[in-house]
Amino acid sequence: MTAQGVDDAVEEKPEKEPVTERRLHPITPLRRAWAPVAVVIGWAVHDPDQTQRQLTRLTTTTLLIALAVIVPAAALYGFLTWWFTHFAVTDSELRIRTGLLFRRTAHIRLERIQAIDVTQPLLARVAGVAKLRLDVVGTDKKDELAFLGEREARSLRAELLARAAGFAPETAHEVGEAPARELLHTPPRDLALSLALTGATWGSLVAALVVPPLLWMATDSVWTVLATALPLLGAAGASSVGRFVTEYDWTVGESPDGLRIDHGLLDRTHETVPPGRVQAVRIVEPLLWRRRGWVRVELDVAGSSNSVLVPVAPREVAEAVVARVLPGVTVPPLSALSRPPRRAGRCVPVWWRGYGLTVTDSVFAARQGLLRRSLALVPHAKVQSVRLAQGPWERLWRVADVHVDTGANKTVTARLRDAQEAAELLKAQAERSRTGRKGARPDRWMV
C-alpha cells in the first residue's frame, strides 16, 4: 500500500464519539451543605459540657458572626462538591467522577451491573428528585447518583439496563423503560395484621415494657434505664412501625428486565430483582400466620441487598411469584419433605421434627423450624459447593449435615440426615450442580 493509501485509510476511520459528561440535579448542593454543619453538631454532642461553657462565653455579636461564616461556608462546600461531580455513560461503562480535593473516578462496567434501584426519600419526593443506586458484581457498597430529576433517573436507569442487555448505544436511550405487569399487591390491612401476628413484634414490645422497670428497681439509676429502654423501644418500633412504613403499598410487577418491586409509605423505593441472579428463595411461615395460610418470601441475591420478595401473601399467590423469579421451579408440597431418622432426636431433641428435605429435578429444598417454618429452595445451577459435616455426637448416632453453598455467600443446610443418605446426597448434588449449570439461562437483562 502506498503512503497515499495509508493516509486515506486513516482518514476514513470513524472518529470515536466524544463522551458527554453530565451533572447532578441543582438541588444536590443542599444535601452536600449539611456536612460542615454535621461536623459542628457532632463535636457539640461529643462534649456537651465543653460546648455549653464555650457558648456562655460568646456574645450575641460573636454568635452572629460565627453563623455568618458557617452558613456561607456550608453553602460553598455544597456547591463545590456538586460542581466537581460528573457522570457519563459510554459504550461499555458508567463513569462517576467526584472529589473536591482528592479526585475519584469510578468505572462501572455495564455488564457487571446486577440491579439499579430508584429511591425517593420523603423530602426528595417533595422536591421531585430521586436517587439512583447501583448493585455491581464484586462490590459490597452501592454506587449512587444523588440526586437526579425523577424523570431523568428513570430514563437513565432504562438506558443503562438496555445497554447492559446488549442494545446498541445509539438506540439504548430510545428503548425506554420496559412495561410491567402487576403480579401482586399487598393490602395495608393484611400487612398491619401480619405484623401484629409476628412473635418478634410482641417479644420486642414486652422486653421494652418489662426490662426498664426491673432495672429501675435494681439500680435506681435513670441513665441505666434510659440506656436500656431506648434501644428496646427502637427495636420494637423497627419490627412493627418501621416495617409497616417500609413495606407499605408493596407491589410486585413482571417486566422483561426482571421483577420490579415498589414500596414505601414515606420513602418510595423502586427496586428490580435481577434475572438469573437469585441464588435461593426462602418461604417463611410464622406460627400465627398458618391459620390464615399466609407466608413471607425472602431472597438471596448475589451482590445485591434485595432480601424481600413478598412481605405477606397467601401461599398460592406467593408460590406463583416464586415460579416467576425461578423459571421452571415448582415449590414442593410439605408432604414431599422427608424427616430425619428418629435417632436424630438424640442430637436435637424435639426440634429435629422441624427439619425436612426433598430434592427435585430443579431444586434442593430444605426446611427447618417448628414454630417459624422456613423452606429454602436452591436451584441446582446456583450451587457453588456441597459439604458434609459430622460431629462426634452425630457420628455416634450415624447422622450428618449436608451444606449447600450459594453464590450469595449463604448456606442452606439439610440437618441430621442418615449418614449413608448424606454421603449419597453429597455425590448426587455435586453432579446435579454440574449438569444444572450447563443448561442454565444466561444472567442477562431483557433476555
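Thresholds, definitions, all that
- Residues numbered from 1 in each chain as written.
- Predicted model: local features only at pLDDT ≥ 70, side-chain atom pairs only at ≥ 80, totals over all residues.
- Heavy atoms only, no water.
- Helix = DSSP H or I, 4+ residues; strand = E, 2+ residues; numbered from the N terminus.
- Contact = heavy atoms within 4.5 Å.
- Areas by Shrake-Rupley, 256 points an atom, 1.4 Å probe, with all protein chains shown as cover.
- Phe/Tyr/Trp six-rings, centres within 6.5 Å; stacked < 30°, edge-to-face > 60°.
- Buried < 20%, exposed > 50% of the residue type's maximum accessible area, 1.4 Å probe, protein only.
- Pairing = 2+ DSSP bridges.
- Expected span 1.5 Å × (residues − 1).
- Bend = angle between axes of the 7 residues up to and from the residue.
- Axes fitted to C-alpha atoms, helices over the stretch in contact; angles between N-to-C directions.
- Salt bridge = Lys/Arg side-chain N within 4 Å of Asp/Glu carboxyl O.

Engineer: How should the overall build of the chain be read in this particular structure?
Structural biologist: Tallying secondary structure elements over the chain gives 14 helices and 19 strands in all. At a minimum sequence separation of 6, the contacts of the chain that also span at least 24 residues come to 54%. Surface accessibility of the chain: about 24600 Å² in total, with carbon and sulfur atoms responsible for 59%.

Engineer: Any chance you could explain the packing of aromatic side chains here in plain terms?
Structural biologist: In this description, a pair of aromatic rings is defined by centroid distance and the angle of the planes. Using the criterion set out here, one finds six aromatic pairs in the structure. On the basis of an interplanar angle of 85 degrees and a centroid distance of 6.4 Å, the ring pair of W289 and W294 is categorised as edge-to-face. Classification of W289 as buried rests on a relative accessible area of 1%. When its relative accessible area of 7% is taken as the criterion, W294 is described as buried.

Engineer: Explain the pairing of strand 11 (residues 278-285) here, please?
Structural biologist: Burial of strand 11 is extensive: eight of the eight residues sit out of reach of the surface. Two strands pair when backbone bridges link them, and strand 11 and strand 12 (residues 294-301) are joined in this way by six bridges, in the antiparallel orientation. Bridge pairing in strand 12 links V281 to L299. Relative to strand 16 (residues 373-379), strand 11 runs antiparallel, the two being bridged by five bridges. By the bridge assignment, I283 is partnered in strand 16 with L375.

Engineer: Explanation requested: helix 11 (residues 222-247) in the structure shown.
Structural biologist: Taking 1.5 Å per residue as the helical rise, helix 11 with its 26 residues ought to reach 38 Å, and the 35 Å between its terminal C-alpha atoms agrees with that figure. If you look at helix 11, its biggest bend is around 45 degrees, right at A238. Listing the buried residues of helix 11 in full gives V225, A229, A236, S239, S240 and E247. For helix 11, the secondary structure elements touched by its buried residues are helix 9 (188-196), helix 10 (199-219), strand 12 and strand 13 (308-314). Of the residues trailing helix 11, D249 is marked for its positive phi of about 55 degrees.

Engineer: When you look at the environment of Q114 in this model, what are you seeing that I'm missing?
Structural biologist: Following the sequence through the fold, Q114 ends up in strand 4 (residues 113-120). On the basis of relative accessible area, Q114 is assigned to the buried category, the value being 1%. For Q114 and A164, which are 50 residues apart along the polypeptide, the C-alpha to C-alpha distance reads 9.4 Å.

Engineer: I would appreciate a short explanation of the sheet that holds strand 2 (residues 93-98) in the present structure.
Structural biologist: Backbone-to-backbone hydrogen bonds join strands into a sheet, with any given pair of strands oriented parallel or antiparallel. Overall, antiparallel pairing links the three strands, which are arranged 1-2-3 in an open sheet. Of all the strands in the sheet, the pair left with one neighbour each is strand 1 (86-89) and strand 3 (104-109). For this sheet the average axis-to-axis angle between neighbouring strands, irrespective of direction, equals 10 degrees. One ladder, built from six bridges, connects strand 2 with strand 3; its direction is antiparallel. Looking at strand 3, one finds that L94 is bridged to I108. The strands touched by helix 7 (residues 150-164) are strand 1 and strand 2; relative to strand 1, the strand with the most contacts, the crossing angle is about 40 degrees.

Engineer: What am I meant to see in the pattern of salt bridges here?
Structural biologist: Two side chains carrying opposite charge are able to pair once their charged atoms lie near each other. Scanning all chains against the criterion turns up 22 salt bridges. Salt-bridge contacts for E152 lead to R22; the nearest nitrogen and oxygen are separated by 4.0 Å. Residue E152 is located in helix 7, and its partner R22 is located in the loop between helix 1 (3-12) and helix 2 (28-32); the two are separated by 130 residues in the primary sequence. Note on E152: relative accessible area 30%, which makes it partly exposed. We note a salt bridge from D300 to R282, for which the minimum N-O separation is 2.3 Å. Of this pair, D300 sits in strand 12 while R282 sits in strand 11, and the two are 18 residues apart along the sequence. A relative accessible area of 6% means that D300 is categorised as buried. Residue R282 is classed as buried on the basis of its relative accessible area, which comes to 18%. Beyond isolated ion pairs, a larger network of salt bridges with shared partners links R243, E247, R296, E298 and R372.

Engineer: I keep staring at the environment of G293 and nothing clicks. Help me out?
Structural biologist: In this structure, G293 sits in the loop between strand 11 and strand 12. On the accessibility criterion, G293 (25% relative accessible area) is partly exposed. C-alpha of G293 to C-alpha of A313: the two residues are 20 residues apart in sequence and 8.2 Å apart in space. In this view, G293 contacts A313, P314 and R315; residues no more than four positions away in its chain are not counted.

What is shown is where atoms sit, not what they do.
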